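Chain by chain, the residues:
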Amino acid sequence: MVVGVLALQGDFAEHLAMLTRIGVEAREVRKHRDLESVDALIIPGGESTTIGKLMERYALDKAIRARAEQGMPIYGTCAGMIVLAKVIEGSTQPRLGLMDIAVIRNAFGRQNESFEADIPFTPTPERPVRGVFIRAPIVAQAGQGVEILSEFEGKIVAVRQGNLLATAFHPELTDDERVHRYFLEMARD
Ligand code: GLN
């Protein structure tokens, strides 16, 4: 299996390093042609408005949507979660709109711009994952087919809908590989 990491902006290098450490083949995706050679895709954290605009500029949005509809697994972290969402509260920014969720950007407020906490994550019940939040979004609403994998302080911070996974936090900035491993299991199924 080859896992692509969308490498337009944001912390794609950390995702590539995590995948390499786990031992899967990982590749940068910059052009829509790059998508043809990957079996799954990670959309990193960064600035969702920039990632959305660049996806449109390089015609990656259409290509990713088409692959997602054929079942390609996609995992979005933070800004990646935002671009996967159908609804972004108060914003018309470009997006993939693949997940039946409404998100609120920068939802933890100024006081809490970035923080770390132990986060329950239902696929890893043995112990929580370390959540790194950086100007993170939350899921304000989730549709029927959306499974809630994590709530923190009453806020939804990880969701799955079929082949799509999204976390408001950044496991790629920790040395805990379990969220990436969960995504790879999803991708192998
Ligand atoms: N606040 C950023 C946005 O709205 C996301 C931050 C992140 O990815 N760490 O795009």
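Residues numbered from 1 in each chain as written. Predicted model: local features only at pLDDT ≥ 70, side-chain atom pairs only at ≥ 80, totals over all residues. Heavy atoms only, no water.

## Some remarks on the site of the ligand
Rules: For this description, a residue counts as near a given molecule or strand if any of its non-hydrogen atoms is within 4 Å of it. Definition of a polar contact: a pair of N or O atoms within 3.5 Å, with one able to donate and the other able to accept a hydrogen when the atoms are protein atoms, and with sequence-neighbouring residues admitted only if both atoms are side-chain atoms. Calculation of accessible area relied on Shrake-Rupley with a 1.4 Å probe; when residues are assessed, cover is drawn exclusively from the protein chains displayed. Side-chain classes are defined by residue name, with Ala, Val, Leu, Ile, Met, Phe, Trp, Tyr, Cys and Pro counting as nonpolar, Asp, Glu, Lys and Arg as charged, and the others, Gly among them, as polar.
By nearness alone, every residue bordering the ligand is listed as Gly 45, Gly 46, Glu 47, Ser 48, Cys 78, Ala 79, Ile 82, Arg 105, Asn 106, Ile 134, Arg 135 and His 170. At 2.6 Å, a backbone N or O of Ser 48 approaches an oxygen atom of the ligand. In this structure, His 170 approaches the ligand through a side-chain N or O atom, which is 3.0 Å from a nitrogen atom. For the ligand, the protein covers 97% of the area, taking 300 Å² as the surface of the free molecule. Residue composition of the shell around the ligand, by class: four nonpolar, five polar and three charged.

## A word on the pairing of strand β7 (residues 114-119)
To keep things clear, this is the line we draw: Relative accessibility under 20% of the residue-type maximum defines a buried residue, over 50% an exposed one, and the middle range a partly exposed one, all with a 1.4 Å probe and only protein chains included. By definition, any uninterrupted DSSP run of H or I lasting at least four residues is a helix, any uninterrupted run of E lasting at least two residues is a strand, and each is numbered from the N terminus. The criterion for strand pairing is that DSSP finds at least two bridges linking the strands in question.
What you see with β7 is a clean split: Phe 115, Ala 117 and Ile 119 sit on the buried side and Ser 114, Glu 116 and Asp 118 on the side with no burial. The pairing of β7 with strand β8 (residues 129-134) spans six bridges and is antiparallel. Residue pairing across strands places Ile 119 opposite Val 129, the latter belonging to β8.

## Focus: the pairing of strand β2 (residues 25-29)
We apply this condition: Convention used here: a crossover is right-handed provided that the path from the first strand, over the helix, to the second strand proceeds clockwise when the strands point away from the viewer.
Where strand β1 (residues 2-6) meets β2, five bridges bridge the pair, whose relative direction is parallel. Along β2, the bridge assignment pairs Leu 6 with Val 29. This β-α-β element, β1 to helix α1 (residues 12-22) to β2, shows right-handed connectivity.

## Let's talk about the packing of aromatic side chains
Quick reminder of the rule: Ring geometry is summarised as follows: Phe, Tyr and Trp rings, the Trp one being its six-membered ring, pair when their centres sit within 6.5 Å, and such pairs are stacked at plane angles under 30 degrees, edge-to-face over 60 and tilted between the two.
Under the criterion given, the structure shown has eight aromatic pairs. Seen in terms of ring centroids, Phe 115 and Phe 133 are 4.7 Å apart; in terms of plane orientation they differ by 5 degrees. Their pairing is stacked. A residue pair is termed long-range when its members are at least 10 positions apart, and Phe 115 in strand β7 and Phe 133 in strand β8 qualify at 18 residues. Classification of Phe 115 by relative accessible area gives buried; the value is 16%. Taking relative accessible area as the criterion, Phe 133 reaches 0% and is therefore assigned buried. Site record: aromatic cluster; members linked through ring pairs are Phe 108, Phe 115, Phe 133, Phe 152 and Phe 169.

## As for helix α3 (residues 48-57)
Cut-off, in case you're wondering: Whether two residues are in contact is decided by their heavy atoms: any pair within 4.5 Å suffices.
Among all positions in α3, only Ser 48, Ile 51, Gly 52, Leu 54 and Met 55 are buried. Where α3 is buried, its residues meet β1, β3 (40-43), α4 (60-69) and α5 (79-84). Count one or two residues on from α3 and you reach Ala 59, which has phi positive near 55 degrees.

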